[in-house]
Amino acid sequence: MSTNPFYSGTYYGRDTYHLTADCRLRALQEFTLEQCHAALELPVLQKTVRTALERRIRKLQQEAACSR
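Residues numbered from 1 in each chain as written. Predicted model: local features only at pLDDT ≥ 70, side-chain atom pairs only at ≥ 80, totals over all residues. Heavy atoms only, no water.

Engineer: How would you summarise the side chain of Arg-56 if you had to cite specific residues and measurements?
Structural biologist: Here Arg-56 shows up in helix α3 (residues 47-66). For Arg-56, which is buried and forms no salt bridge, the nearest opposite charge comes from Glu-63, at a distance of 5.7 Å. A polar contact is formed between the side chain of Arg-56 and the backbone oxygen of Leu-28, at a distance of 3.2 Å. The contact partners of Arg-56, leaving out residues within four places of it in the chain, are Leu-28, Gln-29, Glu-30, Phe-31 and Cys-36. (Helix = DSSP H or I, 4+ residues; strand = E, 2+ residues; numbered from the N terminus. Buried < 20%, exposed > 50% of the residue type's maximum accessible area, 1.4 Å probe, protein only. Lys, Arg positive; Asp, Glu negative; His and termini not counted. Salt bridge = Lys/Arg side-chain N within 4 Å of Asp/Glu carboxyl O. Polar contact = N/O pair within 3.5 Å; in protein donor to acceptor, adjacent residues only side chain to side chain. Contact = heavy atoms within 4.5 Å.)

Structure, rendered in structure tokens:
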């Protein structure tokens, strides 16, 4: 995935992104597994956000395994 999963919208012709850890933590609660993996590839990522992404990935994988 080449787009930033923390994209938050376009305002007055400019793309905006969630940059603070707080905003990113709220945003990732809605992420899909693919978005989580894309977010982990970002070069600058807060440690708390990385930990939350890894936790979300485990949760999504467990949910997928239970639904089989």
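Following the structure, the description resumes.
Engineer: Go over the packing of aromatic side chains, please, and point to the residues and values.
Structural biologist: How two aromatic rings sit relative to each other is given by the distance of their centres and the angle of their planes. What the rule picks out here adds up to two aromatic pairs. Here the aromatic rings of Phe-6 and Phe-31 are separated by 5.3 Å at their centres, their planes lie at 45°, and the arrangement is tilted. Of this pair, Phe-6 sits in the segment before β1 (7-11) while Phe-31 sits in the loop between α1 (21-27) and α2 (33-40), placing them 25 residues apart in sequence. Assigned by exposure class, Phe-6 and Phe-31 land together as buried. Their ring planes at 70° and their centres at 5.7 Å tell us that Tyr-7 and Tyr-17 sit as a pair that is edge-to-face. Here Tyr-7 is found in strand β1, whereas its partner Tyr-17 is found in strand β2 (residues 14-17), with ten residues between them in sequence. You can call Tyr-7 partly exposed: its relative accessible area is 39%. A cation sits over an aromatic face here: Arg-24 above Phe-6, 4.7 Å from the ring centre. (Phe/Tyr/Trp six-rings, centres within 6.5 Å; stacked < 30°, edge-to-face > 60°. Lys NZ or Arg CZ within 6 Å of the ring centre and 35° of its normal.)

Engineer: Can you lay out the environment of Thr-3 for me, pointing to particular residues and giving the numbers?
Structural biologist: As for its position among the elements, Thr-3 is in the segment before β1. For Thr-3 and Ala-38, which are 35 residues apart along the polypeptide, the C-alpha to C-alpha distance reads 8.0 Å.

Engineer: If you had to explain α3 to someone new, which residues and values would you point to?
Structural biologist: Under the 1.5 Å per step criterion, the end-to-end length of α3 is 29 Å for 20 residues, consistent within 8% with the ideal 28 Å. Among the residues of α3, Val-49, Ala-52, Leu-53, Arg-56, Ile-57 and Leu-60 are the ones counted as buried. Around the axis of α3, the buried residues are gathered within 145° of arc, so they sit on the same side. For α3, the exposed residues set more than 90 degrees away from the buried face come down to Lys-47, Gln-62 and Cys-66. (Expected span 1.5 Å × (residues − 1). Arc of directions from axis to C-beta.)

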